[in-house]
Amino acid sequence: MDNDNAWLADNWAQIRRRVDSACHEAGRDPAEVAILPVSKTFGPDLIRAGVALGMRRFGENKVQEIRDKFAPLEDCDVDWVMIGHLQTNKAKDVARLASEVQSLDRLELAQALDRRLQHEGRAIDVLVQVKTSAEPSKYGLPPEQLAGFLSALRGCDTLRVRGLMTLAIHSTETEEVRGCFRLLRELRDQSVLQGHDVQGLSMGMSGDFPLAIAEGATEVRIGTAIFGKRAYPDSYYWPEAKV
Ligand SMILES: *Cc1c(COP(=O)(O)O)cnc(C)c1O
């Protein structure tokens, strides 16, 4: 790989070390915690450099970005993971291009995806996004609707439900953030007891992943700590978020 991207190799090695040490602190095996690189706003060249470092799955927040990057990177065999709010009318593109959706939060969307996936002859992994804080900017299914939703998803043959996903409250209060992750873990444990095979917990980002790992994350979604600061504020992705 060329030297221009040496910083990316450094960031990648460093985040793996930080995730590993958070695992050790939590008494967990680092092999249990995957890192999902979040490549939103960054272009095909940088993603290609990531592929050369061993990245293969990339999280994206907007369907349009997956559409734009899909063809230029087709030779890289990348798995595109949709992690952003998804409008039902975009189900067709997602069914065609994504290998996983972590932002499944309503039945109408699940049914639209299922119909499109059947048409494509594909099945994908999905996580159910749960709203674990009262922040208006956060999407996700209300916790009290989870049990019914998971049961209803049994009717969608093309959706392999693997676990739960959340975004914690944006706060400097550690206990508030940790409480969001704890709630997701408790909901996962209850769901497993109810017979749903939903072991996965996608939670934690650049700023809060050690707390998520302490509460049982099986995957952390890391953008900034790998690719650097984005040119757009988060309000571009989370429309109601305050900048
Ligand atoms: C952007 C984003 C991330 C990564 O955020 P960083 O703070 O840059 O690590 C994780 N999850 C979702 C849903 C995102 O939109």
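Procedures and definitions
Residues numbered from 1 in each chain as written. Predicted model: local features only at pLDDT ≥ 70, side-chain atom pairs only at ≥ 80, totals over all residues. Heavy atoms only, no water. Near = heavy atom within 4 Å. Polar contact = N/O pair within 3.5 Å; in protein donor to acceptor, adjacent residues only side chain to side chain. Areas by Shrake-Rupley, 256 points an atom, 1.4 Å probe, with all protein chains shown as cover. Nonpolar A, V, L, I, M, F, W, Y, C, P; charged D, E, K, R; others polar. Core = buried A, V, L, I, M, F, W, Y, C linked by side-chain atoms within 4.5 Å. Buried < 20%, exposed > 50% of the residue type's maximum accessible area, 1.4 Å probe, protein only. Helix = DSSP H or I, 4+ residues; strand = E, 2+ residues; numbered from the N terminus. Contact = heavy atoms within 4.5 Å. Pairing = 2+ DSSP bridges. Right-handed = clockwise from strand over helix to strand, strands pointing away. Salt bridge = Lys/Arg side-chain N within 4 Å of Asp/Glu carboxyl O. Expected span 1.5 Å × (residues − 1). Phe/Tyr/Trp six-rings, centres within 6.5 Å; stacked < 30°, edge-to-face > 60°.

Draft legend 1. Expanded view of the site of the ligand. Neighbouring the ligand are 12 residues, the closest being K40, N61, S206, T224 and R230. Separating a nitrogen atom of the ligand from a side-chain N or O atom of R221 is a distance of 2.9 Å. Taking R230, its side chain carries an N or O atom lying 2.7 Å from an oxygen atom of the ligand. Relative to its unbound accessible area of 390 Å², the ligand is 96% covered by the protein chains. Residues of the shell around the ligand, tallied by class, amount to 5 nonpolar, 4 polar and 3 charged.

Draft legend 2. Summary view of the nonpolar core. One finds V128, L153 and L159 to be the most contacted residues of the largest nonpolar core, which totals 66 residues. Broken down by element, this core gets its largest block of residues, 6 residues, from helix α1 (residues 6-25). Not counting residues within four places of it along the chain, the set of residues in contact with L159 comprises L104, A110, L113, L117, I124, V126 and L153.

Draft legend 3. A look at the pairing of strand β3 (residues 79-82). Inspection of the sheet shows strand β2 (residues 57-60) paired to β3 by 4 bridges, in the parallel sense. From the neighbouring strand, R57 faces β3, where its bridge partner is D79. Summarising the sheet, β3 and strand β4 (residues 100-104) pair through 2 bridges and their orientation is parallel. When the bridges of β4 are listed, V81 appears paired with E100. Taking the sense of rotation as the criterion, the β-α-β connection linking β3, helix α4 (residues 91-97) and β4 turns out right-handed.

Draft legend 4. Molecular detail of the pattern of salt bridges. Following the criterion strictly, the structure yields 20 salt bridges and no others. A salt bridge links D93 to R67; the shortest N-O distance between them is 3.2 Å. Of this pair, D93 sits in helix α4 while R67 is found in helix α3 (residues 63-70), placing the two residues 26 residues apart along the sequence. We classify D93 as buried; its relative accessible area is 14%. Since its relative accessible area comes to 42%, R67 is described here as partly exposed. When the shortest N-O distance is used, the salt bridge between R106 and E108 registers 3.6 Å. Connected through salt bridges with shared partners, the residues E175, R178, R182, R185 and E215 form a single ionic network.

Draft legend 5. Representation of helix α7 (residues 174-193) in the model. An ideal rise of 1.5 Å per residue puts 28 Å on 20 residues; α7 measures up with 29 Å between its terminal C-alpha atoms. Close packing links the buried residues of α7 with α6 (146-153), β6 (159-165), β7 (200-202) and α8 (209-214). Following α7 by one or two positions, G195 has its phi on the positive side, about 100 degrees.

Draft legend 6. Structural context of the environment of E215. Checked against the element boundaries, E215 lands in the loop between α8 and β8 (219-222). Once the C-alpha coordinates of E215 and D10 are considered, the two residues, 205 residues apart in sequence, prove to be 27 Å apart. Once residues lying within four places of it in the same chain are set aside, the contact partners of E215 are R178, F181, R182, R185, L201 and M203.

Draft legend 7. Fine view of the environment of M203. Topologically, M203 is positioned in the loop between β7 and α8. In sequence terms M203 and E215 are 12 residues apart; their C-alpha atoms lie 9.3 Å from each other. Other than its neighbours up to four places away in sequence, M203 contacts T166, F181, L184, A212, E215, G216, A217, E219, V220 and R221.

Draft legend 8. Up close: the packing of aromatic side chains. Applying the stated criterion across every chain, the model contains 2 aromatic pairs. For the pair F58 and W80, a centre-to-centre distance of 6.1 Å together with 40 degrees between the ring planes defines the contact as tilted. Pair noted here: F58 is in strand β2 and W80 is in strand β3, with a separation of 22 residues, a long-range link. Judged by its relative accessible area of 0%, F58 falls in the buried class. Among the residues examined, W80 registers a relative accessible area of 2% and is labelled buried.

Draft legend 9. Layout of unusual backbone geometry. The backbone of T41 shows a phi angle near 75 degrees, a positive value even though the residue is not glycine. The partly exposed category is assigned to T41, whose relative accessible area is 24%. Of note in this structure, D77 is not a glycine but carries a positive phi near 55 degrees. Note that D77 resides in the loop between α3 and β3.

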